[in-house]
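Each chain, letter by letter, is given below.
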Amino acid sequence: MIIRLGYVAITLNLKNVTSSSTVTFANYNKLKNEEEKLKKLKSVTFSNLDDLETILKYNIKNNIHFYRLTSKLIPLSTHPEVLWQYDRYFSKELKRIGEIVKKSNMRIDFHPDQFNVVNSIKENVVKDTLRNLNHAVDLYDLMDYDDGKLVIHVGSSAGGKGDSINRFIDNFNEFPKRIRKRLILENDDKIFTAKDVLFICEKIKIPMVLDVHHHNCKNDGENLSDLMKNIFDTWSCENLPPKIHFSSPKEGKLDRKHADYIDVNEFASFLNLAKESVNNDFDVMIEAKKKDLALFKLIDDLRKINYPCEFIDESTIKI
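Notes on the structure follow. (Residues numbered from 1 in each chain as written. Predicted model: local features only at pLDDT ≥ 70, side-chain atom pairs only at ≥ 80, totals over all residues. Heavy atoms only, no water.)

1. As for the overall build of the chain
Thinking step 1. In terms of regular secondary structure, the chain is built from eleven helices and ten strands.
Thinking step 2. Taken along the three principal axes of its C-alpha coordinates, the chain extends 60 × 50 × 35 Å.
Thinking step 3. The contacts in the chain between residues at least 6 apart in sequence include a share of 76% that link residues at least 24 apart.
Thinking step 4. For the chain, the computed accessible surface area is about 15200 Å², with 46% contributed by carbon and sulfur atoms.
Thinking step 5. Taken together, the 49 basic and 48 acidic charged side chains of the chain have centroids lying 3 Å from each other. (Helix = DSSP H or I, 4+ residues; strand = E, 2+ residues; numbered from the N terminus. Contact = heavy atoms within 4.5 Å. Areas by Shrake-Rupley, 256 points an atom, 1.4 Å probe, with all protein chains shown as cover. Lys, Arg positive; Asp, Glu negative; His and termini not counted. Charge placed at Lys NZ, Arg CZ, Asp CG, Glu CD.)

Following this line, the structure appears as structure tokens:
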């Protein structure tokens, strides 16, 4: 099995490089006129896209094949009182980013923020979620990147777990196809277990992302080995390997907060479980505070403990 490691958004090895610069609506409103407002939005967006290109080239140089884009790439792009036409000014830059990604065979995705709740009982929240997800799909389309996915959680538990699951399914089925085909669903650490999410994914036929740390924090006694094959099977209709999220707790086994780095022994145990449970290549998103540094340290730590694998490059192993 080939396993590729990825990291989230920020590249700590690159100083003063970020694709997440923002413009708050309050500061936007303080600008004198529409010309200044547009100039500010364009300036920050250009900086973000330029830095994203720098990050992607860093990933290529360091043989990192999996990367999560920030959801803050285009400032105020979905704010209902702004909704500016960034595509008129940055279509060439976004297409170039897509070309870099595709030429290097890198995998990228988005994880829209937690306030996007498909199954909210509030109509305005669902409407806002729809607008935000549409925006993310627009970015993929402008990049001409067909493999881009949007990772989300089930969301609200209002009315109980059963009603919440049914509400998610009903709302999902009302969403446009362009969004439905991009969504992948992740188990969380408080309410919806891996088994719950697997049920939904099998019902609506979308892939599931297994978050191992979330499963450790919230489960109903399910054996992860028994679940993994069925979770990986949800990816059978995709042209992508299954995706895993992995993090280590900051303090204590059930601490929901992410540690700076990955505990190599925990990760090795998971790899052993994967070898027993599935026979698929898969990608692992490292959700650690130290971002790319944590990825490189994990590979180095696997070498130090003499884990039985082949090190293909700086972020890829074969077990």
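2. Some thoughts on the packing of aromatic side chains
Thinking step 1. What the rule picks out here adds up to twelve aromatic pairs.
Thinking step 2. Seen in terms of ring centroids, F110 and Y140 are 5.1 Å apart; in terms of plane orientation they differ by 50°. Their pairing is tilted. Placement of the pair is F110 in strand β3 (residues 107–110) and Y140 in helix α4 (residues 123–143), with a sequence separation of 30 residues. Neither residue differs from the other here; F110 and Y140 are each classed as buried.
Thinking step 3. Through pairs of rings, three or more aromatic residues link up here, namely F232, F246, F267, F270 and F282.
Thinking step 4. The side chain of K297 reaches across the aromatic face of Y261, ending 5.4 Å from its centre. (Phe/Tyr/Trp six-rings, centres within 6.5 Å; stacked < 30°, edge-to-face > 60°. Buried < 20%, exposed > 50% of the residue type's maximum accessible area, 1.4 Å probe, protein only. Lys NZ or Arg CZ within 6 Å of the ring centre and 35° of its normal.)

3. Re the side chain of T78
Thinking step 1. Structurally, T78 is set in the loop between β2 (66–69) and α3 (87–103).
Thinking step 2. For T78, the side chain forms a polar contact with the side chain of N132, separated by 2.9 Å. (Polar contact = N/O pair within 3.5 Å; in protein donor to acceptor, adjacent residues only side chain to side chain.)

4. Topic: the environment of I299
Thinking step 1. Mapping I299 onto the fold places it in helix α11 (residues 291–304).
Thinking step 2. The exposure class assigned to I299 is buried, which follows from its relative accessible area of 3%.
Thinking step 3. Residues I299 and E314, spaced 15 residues apart in sequence, show a C-alpha to C-alpha distance of 7.1 Å.
Thinking step 4. Those residues in contact with I299 that sit more than four places away from it in its chain are L5, F311, E314, S315, T316 and I317.

5. Some details on the pairing of strand β6 (residues 208–211)
For a regular strand, side-chain orientation follows a simple rule: the groups alternate between the two sheet faces.
Thinking step 1. Burial along β6 is two-sided: M208 and L210 and V209 and D211, pointing in opposite directions, are all buried.
Thinking step 2. Summarising the sheet, strand β5 (residues 183–186) and β6 pair through two bridges and their orientation is parallel. By the bridge assignment for β6, E186 is matched with V209.
Thinking step 3. Taking the sense of rotation as the criterion, the β-α-β connection linking β5, helix α7 (residues 194–204) and β6 turns out right-handed. (Pairing = 2+ DSSP bridges. Right-handed = clockwise from strand over helix to strand, strands pointing away.)

6. Some details on the packing of α7 against helix α9 (residues 224–233)
Thinking step 1. Orientation of α7 relative to α9, taken along the N-to-C sense of each, is 25°, at an axis distance of 10 Å. In terms of orientation, α7 lies roughly parallel with respect to α9. For α7 against α9, the interelement crossing comes out left-handed. Counted together, A194, K195, L198 and E202 of α7 and L227, N230 and I231 of α9 form the full contact between these two elements. (Axes fitted to C-alpha atoms, helices over the stretch in contact; angles between N-to-C directions. Parallel < 35°, antiparallel > 145°, perpendicular 65-115°, else oblique. Left-handed = near helix turned anticlockwise from the far one by under 90°.)

7. Points about unusual backbone geometry
Thinking step 1. At L76, a position not held by glycine, the phi torsion is positive, near 55°.
Thinking step 2. By the element assignment, L76 lies in the loop between β2 and α3.
Thinking step 3. Classification of L76 by relative accessible area gives buried; the value is 14%.
Thinking step 4. One non-glycine residue with positive phi stands out, namely K291, at about 50°.
Thinking step 5. With respect to the secondary-structure elements, K291 resides in helix α11.
Thinking step 6. On the basis of relative accessible area, K291 is assigned to the buried category, the value being 17%.

Limitation: the analysis is restricted to geometry and does not speak to function.
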